[in-house]
Amino acid sequence: MEVISRKNAKAQGLKRYFTGKPCKHEHVSERRTSTGACLLCALEYKRSWAESKREHLRAYANKFYADNKKRIREQNNICQKRWRDSNPAQHRADVVLYRARKLQAAVSWASKSIIDGIYAACASISKSTGIPHHVDHEIPLQGATVCGLHTECNLQILPATENLRKSNSFVA
């Protein structure tokens, strides 16, 4: 780190500077140009303040949520809908992963990036051809005779009509 005085830091328009000298609490760290305060001292103060006010802040947050529950939920729903609309392939992949986890069919060694890519490719194919396509599990997650896993090896892109005809069956 470059050693610079507070005066020079102010002249250069810097927000922080480093003197290389310890503060009154023996910290050798950057300081704020505006106040000359040691950043580590400020961090310790912030943590101790938050710790001393933890119960008060928690009570305030709970009261605020209780008083504004409807508005907060509406805002969250709007934000979630906006994200779902702008990321349909990712949303679908997340929904299927959630369902697979509930069925205990999701495995840790499956590549999430490849699976997300398959869902993105499916959305792209549907958009470019104008024909709806689905990502199908070749071996169903809840088959009558066999149950598959949610892995990239068990996924295929099918036209929606074929996938709906196939339903929950497994053809060897």
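What this report covers is the structure whose coordinates are included nearby. (Residues numbered from 1 in each chain as written. Predicted model: local features only at pLDDT ≥ 70, side-chain atom pairs only at ≥ 80, totals over all residues. Heavy atoms only, no water.)

**Details of the overall build of the protein chain**
In terms of helices and strands, the protein chain carries seven helices and four strands. Counted from the first residue to the last, the protein chain has its helices and strands arranged as α-β-β-α-α-α-α-α-β-β-α. Taken over C-alpha atoms, the radius of gyration comes to 28 Å for the protein chain, far larger than the 16 Å a tight globule of 172 residues would show. On the principal axes, the C-alpha backbone points of the protein chain span a range of 75 × 45 × 30 Å. (Helix = DSSP H or I, 4+ residues; strand = E, 2+ residues; numbered from the N terminus. Rg over C-alpha atoms; globule rule 2.2 N^0.38 Å.)

**Here we look at the layout of surface pockets**
Space inside the largest pocket adds up to approximately 420 Å³. Forming the boundary of the largest pocket are 21 residues, of which Arg92, His134, Val135, Asp136 and Asn163 lie nearest the centre. When contributions to the lining of the largest pocket are tallied by element, the ones reaching two or more residues are helix H5 (88-102), helix H6 (112-129), strand E3 (133-137) and helix H7 (160-166). Of the residues that constitute the lining of the largest pocket, the class distribution is ten nonpolar, seven polar and four charged. Within this model, the second largest pocket holds a volume of roughly 160 Å³. When contributions to the lining of the second largest pocket are tallied by element, the ones reaching two or more residues are H5 and H6. (1 Å grid on protein atoms, 1.4 Å probe; cavity = no way out; pocket = protein on both sides within 12 Å on 5 of 7 lines; lining within 4 Å. Points joined across faces, edges and corners; volume = space filled by probe spheres on them. Nonpolar A, V, L, I, M, F, W, Y, C, P; charged D, E, K, R; others polar.)

**Details of the pattern of salt bridges**
Summed over the entire model, instances satisfying the criterion amount to eight salt bridges. Aspartate 67 is the partner of lysine 63 in a salt bridge, and the nearest nitrogen-oxygen pair spans 2.8 Å. Separated by four residues within a single helix, lysine 63 and aspartate 67 lie in helix H3 (residues 54-67), roughly one turn from each other. Of the two residues, lysine 63 and aspartate 67, both sit in the exposed class. The shortest N-O distance in the salt bridge between aspartate 85 and lysine 81 comes to 2.9 Å. Of this pair, aspartate 85 and lysine 81 are both found in helix H4 (residues 69-86), four residues apart, which corresponds to roughly one turn of the helix. For aspartate 85, a relative accessible area of 52% puts it in the exposed group. (Salt bridge = Lys/Arg side-chain N within 4 Å of Asp/Glu carboxyl O. Buried < 20%, exposed > 50% of the residue type's maximum accessible area, 1.4 Å probe, protein only.)

**Topic: the nonpolar core**
Soluble globular proteins: nonpolar side chains tend toward being buried together. Of all hydrophobic cores here, the largest spans ten residues; its members are Ala89, Ala93, Val96, Ala110, Ile115, Ile118, Tyr119, Cys122, Val135 and Leu155. Broken down by secondary-structure element, the contributors of at least two residues to this core are H5 and H6. Examining the composition of this core, we find that four residues originate from one element, H6, more than from any other. If near-sequence neighbours (up to four positions away) are discounted, isoleucine 115 is found in contact with Ala110, His150, Thr151, Glu152 and Leu155. (Core = buried A, V, L, I, M, F, W, Y, C linked by side-chain atoms within 4.5 Å. Contact = heavy atoms within 4.5 Å.)

**A few points about the environment of lysine 53**
Mapped onto the secondary structure, lysine 53 falls in the loop between helix H2 (39-52) and H3. Residues lysine 53 and isoleucine 114 lie 61 residues apart in sequence; the distance between their C-alpha atoms is 45 Å.

The values are spatial; any link to function lies outside them.
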